[in-house]
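# Residue-level structure breakdown
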Amino acid sequence: MPTPPHPLTIAYSPCPNDTFVFDALAHGRVAGAPTVDVTFADIDRTNGMAERGELDILKISYAELPWVLDEYTLLPCGGALGRGCGPLVLTREPRRPADLAGAKVAVPSERSTAYLLFRLWAASEVPGGVGEVVVLPFDEIMPAVRDGAVDAGLCIHEARFTYERYGLHSLADMGEHWETTTGLPIPLGAIVAKRSLGAQVLEQLAESVRRSVRMAWDDPEASRPYVAEHAQEMDRDVADQHIALYVNEFTADLGTDGYAAVRGLLARAADEGLVPHLKSEQLSFP
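## Focus on helix α2 (residues 43-52)
For α2, the set of buried residues is I43, T46, N47, G48, M49 and A50. Summarising the contacts, the buried residues of α2 are in contact with β1 (8-12), β2 (36-40), β3 (57-61), α3 (65-68) and β4 (72-74). The residue sitting at the N-terminus of α2 and contributing the capping side-chain oxygen is D42; that oxygen lies 3.3 Å from the backbone nitrogen of D44. With its phi angle positive at about 65 degrees, G53 sits one or two positions after the end of α2.

Structure below.
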């Protein structure tokens, strides 16, 4: 199988699940894999990169797919999708959903899956809708809620394990709402690659990502320096919890349930007028 003559450009977050998944690939330990040139960026930035077609491979929100699938294809592995791992709506004081009417809410990206799930939830739970929505980097949202800069924050990643340290309260779990109403797992972050790479390179890339995932599972200690280097001040126990929650069987292969979850989320959102409708073939790989 041909190997690209130049390193493929890739962007993903510095969060433990991504560095765990891509450690072996990023460091050239996956035999036969293409070499990659890594950029670290939060989800709002990678979503924008995908819209502009800037890199070969990107970790983006599933909610972003309808805008980028003409140029990119969804890889069937490497992303974040699961159960019990949804975004949380956090507040300084205990609140009810109705209290968010007219509130100022911080979100990690207006094209994030978290925000899409929030909008679907708020449509039925927040009479009259929320007020102002502001976009902040995900690691700035909990401090903004704590300090009163916003009334509530839509929090992702390790916030599930650390929000109580900020004295915050969980008003609602977007994943719990999604799973209860649909029975499907929660699609969060997708791995996409440019269609122009060609079918052979895309298949090689997908297999390389799968092998990187399996290598991380087989030898978790091998990835620990890479995870720790980019996890900022995150406790090791929190990083381990983060990996255990977000890296699962769907990371190795979306499978039937994974694809059903993606189609279900985007179809429901399209029916509500929140995203463009997808054609079924747009989710096929490669």
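## Focus: the packing of aromatic side chains
According to the stated counting rule, one finds 5 aromatic pairs in the structure shown. For the ring pair F40 and Y226, a centre distance of 6.2 Å and an interplane angle of 55 degrees mean the geometry is tilted. Here the residue F40 occupies a position in strand β2, and Y226 occupies one in helix α9 (residues 220-230), the gap between them amounting to 186 residues. F40 gets classed as partly exposed once you look at its relative accessible area, which sits at 26%. Geometrically, the ring pair formed by F118 and W121 is tilted, given 5.7 Å between the ring centres and 40 degrees between the ring planes. Of the two residues, F118 and W121 both sit in helix α4 (residues 113-125), 3 residues apart, roughly one turn of that helix. Residue F118 is classed as buried on the basis of its relative accessible area, which comes to 2%. Here a set of aromatic residues connected by ring pairs shows up, and it is made of Y12, F22, F40 and Y226. If you follow R111 out to its NZ or CZ, it ends over the ring of W67, 3.6 Å from the centre.

## Concerning the pattern of salt bridges
Per the stated rule, a full pass over the model turns up 16 salt bridges. The residue R111 makes a salt bridge to E64 at a minimum N-O spacing of 3.7 Å. Of the two residues, R111 is situated in the loop between β7 (105-107) and α4 and E64 in the loop between β3 and α3; the sequence distance between them amounts to 47 residues. Owing to a relative accessible area of 25%, R111 belongs among the partly exposed residues under this scheme. For R146, the salt bridge is made with D147, and the minimal N-O distance between the two is 2.9 Å. The partly exposed category is assigned to R146, whose relative accessible area is 37%. For D147, a relative accessible area of 53% translates into the label exposed. The network of salt bridges with shared partners includes E221, R224, R236 and D240.

## Things to note about empty space enclosed by the protein
A complete count under the given rule lists 2 cavities of 30 Å³ or more for this structure. Along the wall of the largest cavity there are 25 residues; nearest its centre are I43, I156, H157, L188 and G189. Contributing elements (two or more residues each) for the lining of the largest cavity: α1 (16-26), α2, β3, α4 and β11 (186-194). It is β3 that provides the largest number of residues to the lining of the largest cavity, a total of 3 residues.

How each quantity is defined
Residues numbered from 1 in each chain as written. Predicted model: local features only at pLDDT ≥ 70, side-chain atom pairs only at ≥ 80, totals over all residues. Heavy atoms only, no water. Buried < 20%, exposed > 50% of the residue type's maximum accessible area, 1.4 Å probe, protein only. Helix = DSSP H or I, 4+ residues; strand = E, 2+ residues; numbered from the N terminus. Contact = heavy atoms within 4.5 Å. Polar contact = N/O pair within 3.5 Å; in protein donor to acceptor, adjacent residues only side chain to side chain. Phe/Tyr/Trp six-rings, centres within 6.5 Å; stacked < 30°, edge-to-face > 60°. Lys NZ or Arg CZ within 6 Å of the ring centre and 35° of its normal. Salt bridge = Lys/Arg side-chain N within 4 Å of Asp/Glu carboxyl O. 1 Å grid on protein atoms, 1.4 Å probe; cavity = no way out; pocket = protein on both sides within 12 Å on 5 of 7 lines; lining within 4 Å. Points joined across faces, edges and corners; volume = space filled by probe spheres on them.

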